[in-house]
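If you want the building blocks of each chain, they are given just below.
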Amino acid sequence: MALKIIQKVPLFWQIGIHRGPHVASVCPLTRLLRTSSAGQPSCVACPCVRSQGCKNPQSARGVRRLTTIAREPCFIVSSSVRLHRDSVPHLRLAQLHRPTAAEEQGFQRRLESCSSSRQVFKLLCSVEILSDTMAAAALHRVADLEQDGYSLKDPTVLEKDTIRALCLQLEQDSGRLTDAGLVSALLACTRLFLDPWSTLMVRLMSESQDRLDCGKLSIQQLCTLGKAMLAIEGPGCVILEQVMEHIQKQGPAQWSLSDLIAVYKLLQGGVGDDGKYSDLLNAMHTHSLTVASRMDSTAISVLLHALVTLRQNQAMPLVINLCKQAVRHVPYFTDEELTLVVGALIHFGLSDHYFVEALEKYVPTMAFTSHPETVTKVIQFFGRRNVLSPTVFDAVAESFVYRADNYNTSQVARQIMAFGMLGYLPPNAAQVFRKVENIVQTRFSQFQPRTLLNLLHACTLVERFPVNFVSKVFSSYFLEQLQEQDARMDRLVLAQLTQLYMTVKLECPFYQGPRLLPKYRVKSFLTTGRSIETPADGHLYNSVKTGLIELLGARSYFGSKVLTPYCYTLDVEIKLDEDGYVLPASQTDDVYKRIALCIDGQKRFTTNVRKLLGKEAIKQRHLRLLGYEVVQIPYYEFDNLETMTSVVAYLHQKIFPHTYRLSW
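The following paragraphs examine the structure supplied in this document. (Residues numbered from 1 in each chain as written. Predicted model: local features only at pLDDT ≥ 70, side-chain atom pairs only at ≥ 80, totals over all residues. Heavy atoms only, no water.)

1. Some thoughts on the layout of surface pockets
Taken as a whole, the largest pocket holds about 2000 Å³ of empty space. Contributing to the lining of the largest pocket are 50 residues, with His-140, Leu-187, Arg-191, Lys-227 and Lys-265 lying nearest its centre. Secondary structure elements with two or more residues in the lining of the largest pocket: helix 1 (101-112), helix 3 (132-146), helix 5 (179-191), helix 7 (219-233), helix 9 (257-271), helix 11 (297-309) and helix 13 (335-348). Counting residues per element, the lining of the largest pocket draws most heavily on helix 9, at eight residues. Each residue belonging to the lining of the largest pocket can be placed in one class, and the counts come to 21 nonpolar, 19 polar and 10 charged. Taken as a whole, the second largest pocket spans an internal volume of roughly 1200 Å³. Lining the second largest pocket are 37 residues, and of these Arg-384, Met-421, Arg-530, Ser-531 and Lys-615 lie nearest its centre. (1 Å grid on protein atoms, 1.4 Å probe; cavity = no way out; pocket = protein on both sides within 12 Å on 5 of 7 lines; lining within 4 Å. Points joined across faces, edges and corners; volume = space filled by probe spheres on them. Helix = DSSP H or I, 4+ residues; strand = E, 2+ residues; numbered from the N terminus. Nonpolar A, V, L, I, M, F, W, Y, C, P; charged D, E, K, R; others polar.)

Here it is, written out as structure tokens:
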């Protein structure tokens, strides 16, 4: 059948393509073709409308016109796209000979296997019949491959004959597209950053409005349309409000599982910000609890991520249920899904014993092959939840030695921070920290100041001292950069700097570099919120205090919560003279020895084994170096004491192991 060239009709066949800087959403700020006050056309590429018309008529930066080769039709019906096998494809919408469901699924699988836009185009040219939903899926796949933030990696991909032919046919036959194909094509165009005022986009939006007014769009189609309008006009869009009205006409209990997930994703995209639709969300949470057992790995990860984005901290029963359901999916999560699940559990501060066990079995099998961010998120989860699993940490440490060169600076820092938090050194610690040193040495300028400080501080928690880099951290240039990154440096940052400086002075006496200026030091490491010291457990502290009064004879013979000149806070301080007698806590003269009692509750240990956290281990290490005799009173020993007599005997043995106790 003969081929003929479709001419470039200036207004009717144009499709505008953003070529300049992009923003988070595509806004209808410029039309494809303007008319000046003199009645002359003004090119959209020009920055303004000129009185004498466009002075850059040949500019192609703002607009691309479509030219394609079309076959003379033998029939025109609706809902499928026919491709010519030549290098320039021909597309024709038709109802007859629509691809079967199996053919569409096969096409989707082949589409997902494409790793470049060129492969997508090649696949399109090889297909005899293409439905409108398949055509939209192809555009989505191009967007998946080409999106880079709020722009395309290669904007010229939109100039390819295949994609121009697709867009041209979608524009020409927008009224004959199926509901699913129409809204999916519109969303795909927004993901490719096409001009909202192009003929294609205007026709797709107009047709979508008509279908919406008819009230026949399904929940999933409404959600797809909502996401497209959110990208085009933002959350204040009138059509988006109509979409939400239609969605709320049916209660969540009547939705399918896929409908439920689609609405969560729509709300997560920005529609549910600022507490909007809270009643709808609460109803969705209730329904989700009843269907959680039927969710697959994708649904669980999407739902957990949506709960994080929407800040649904009140939905903890649902989070706990989803965490339990996630256990059986751990080996089957994709890297992206596992990253979202673990990130959600970190956000909600939740860890499940069975989920941890599942990760312990899975991590050794994926540490060398999974995406760096997935490995980082998993080890971060163990660190944040204070779960010490040698199996997991050793596997990650081994993979770190071989893969760290391909990690970004944030991933390097977060992995080492997990080791520091739990105070754990893997068997290959020497290799791990040699690799850390090499990375910091070669990529020092790539580290964000806060990230570098976190990394170096974590090293000190496990007695690895970054002396070679401390001088740079204490330099005025680095500290100024740190202030620029965080205009009002919080107390945690200042505490880290202070403790890093103390570590160097106490444990690296040969250090001769710059000193940390006094204005960057704190007086106390114990602060509200995040702190590099853990406050004493109130109940345990009171029990020990009662026993000490019985042991020493009076409350005046020991100090409580004593702030030392070295920034650390002592749970209890006992002073002795040269003969070993206990002095009143208020006395400052003739003090020969100071005993620091560390009343260590559960929060100062890892949750699954009795090992001090890194920040508590460094505190006790520093107190010993400062001359204190450190006496540890761990909860797991003290909780076994049932009578006051046993408590007093225990404290006497701990504090005065070489003396006899006299009865008062």
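2. Examining helix 14 (residues 353-366)
The end-to-end C-alpha separation of helix 14 is 20 Å, in line with the 20 Å expected for 14 residues at 1.5 Å each. Largest kink in helix 14: about 30°, centred on Glu-360, with the proline Pro-364 one to four residues after it. Within helix 14, the full set of buried residues consists of Phe-355, Val-356, Ala-358, Leu-359, Tyr-362, Val-363 and Met-366. Two or three places before Tyr-354, at the start of helix 14, stands the capping residue Asp-352, its side-chain oxygen 2.9 Å from that residue's backbone nitrogen. (Expected span 1.5 Å × (residues − 1). Bend = angle between axes of the 7 residues up to and from the residue. Buried < 20%, exposed > 50% of the residue type's maximum accessible area, 1.4 Å probe, protein only. Polar contact = N/O pair within 3.5 Å; in protein donor to acceptor, adjacent residues only side chain to side chain.)

3. Considering the pairing of strand 11 (residues 559-563)
Put simply, side chains in a regular strand alternate between the two faces of the sheet. Bridge count between strand 11 and strand 12 (residues 569-576): four bridges; the pairing is antiparallel. Each residue of the ladder has a partner; that of Gly-559, found in strand 12, is Glu-573. The antiparallel hairpin formed by strand 11 and strand 12 contains five residues in its connecting segment, where Cys-567 sits at a positive phi of about 80°. (Pairing = 2+ DSSP bridges.)

4. Examining the pairing of strand 15 (residues 629-634)
Where strand 14 (residues 593-600) meets strand 15, six bridges bridge the pair, whose relative direction is parallel. Bridge pairing in strand 15 places Ala-596 opposite Val-630. Handedness of the crossover joining strand 14 and strand 15 through helix 24 (residues 614-625) is recorded here as right-handed. (Right-handed = clockwise from strand over helix to strand, strands pointing away.)

5. Looking at the packing of aromatic side chains
Considering all chains together, one arrives at 14 aromatic pairs under this definition. Here Phe-355 and Phe-381 contribute two aromatic rings whose centre-to-centre distance is 5.9 Å and whose plane-to-plane angle is 90°, an arrangement assigned as edge-to-face. Of this pair, Phe-355 sits in helix 14 while Phe-381 sits in helix 15 (residues 372-384), and the two are 26 residues apart along the sequence. This pair shows no difference in class: Phe-355 is buried, exactly as Phe-381 is. (Phe/Tyr/Trp six-rings, centres within 6.5 Å; stacked < 30°, edge-to-face > 60°.)

6. Observations regarding the environment of Thr-286
Its location among the elements puts Thr-286 in helix 10 (residues 278-291). With 29 residues separating them in the primary sequence, Thr-286 and Ala-315 have C-alpha atoms 9.1 Å apart. Separated by 3.0 Å, the side chain of Thr-286 and the backbone oxygen of Asn-282 make a polar contact.

7. Comments concerning the packing of helix 6 (residues 199-214) against helix 8 (residues 238-249)
Contact geometry for helix 6 and helix 8: axes closest at 11 Å, N-to-C directions at 30°. Looking at the two axes, helix 6 sits roughly parallel to helix 8. With respect to the hand of their crossing, helix 6 and helix 8 are arranged in left-handed fashion. The segment helix 6 lies against helix 8, with Gln-209, Leu-212 and Asp-213 engaging Ile-239, Gln-242, Val-243 and His-246. When the residues that make up the contact of helix 6 with helix 8 are grouped by side-chain class, the tally is three nonpolar, three polar and one charged. (Axes fitted to C-alpha atoms, helices over the stretch in contact; angles between N-to-C directions. Parallel < 35°, antiparallel > 145°, perpendicular 65-115°, else oblique. Left-handed = near helix turned anticlockwise from the far one by under 90°. Contact = heavy atoms within 4.5 Å.)

8. A look at the packing of helix 15 against helix 17 (residues 409-422)
Two elements in contact, helix 15 and helix 17, have axes separated by 9 Å at closest approach and are oriented at 20°. One element, helix 15, and the other, helix 17, form an angle in the roughly parallel class. At the point where helix 15 passes helix 17, the crossing takes the left-handed sense. In this structure, helix 15 uses Pro-372, Glu-373, Val-375, Thr-376, Lys-377, Ile-379, Gln-380, Phe-382, Gly-383 and Arg-384 to contact helix 17, whose residues at the interface are Gln-411, Arg-414, Gln-415, Ala-418, Met-421 and Leu-422. Along the lines of polarity and charge, the residues of the contact of helix 15 with helix 17 split into seven nonpolar, five polar and four charged.

9. Quick look at the environment of Pro-99
With respect to the helices and strands, the residue Pro-99 is situated in the loop between strand 7 (80-82) and helix 1. As a C-alpha pair, Pro-99 and Leu-130 span 31 residues in sequence and 6.9 Å in three-dimensional space.

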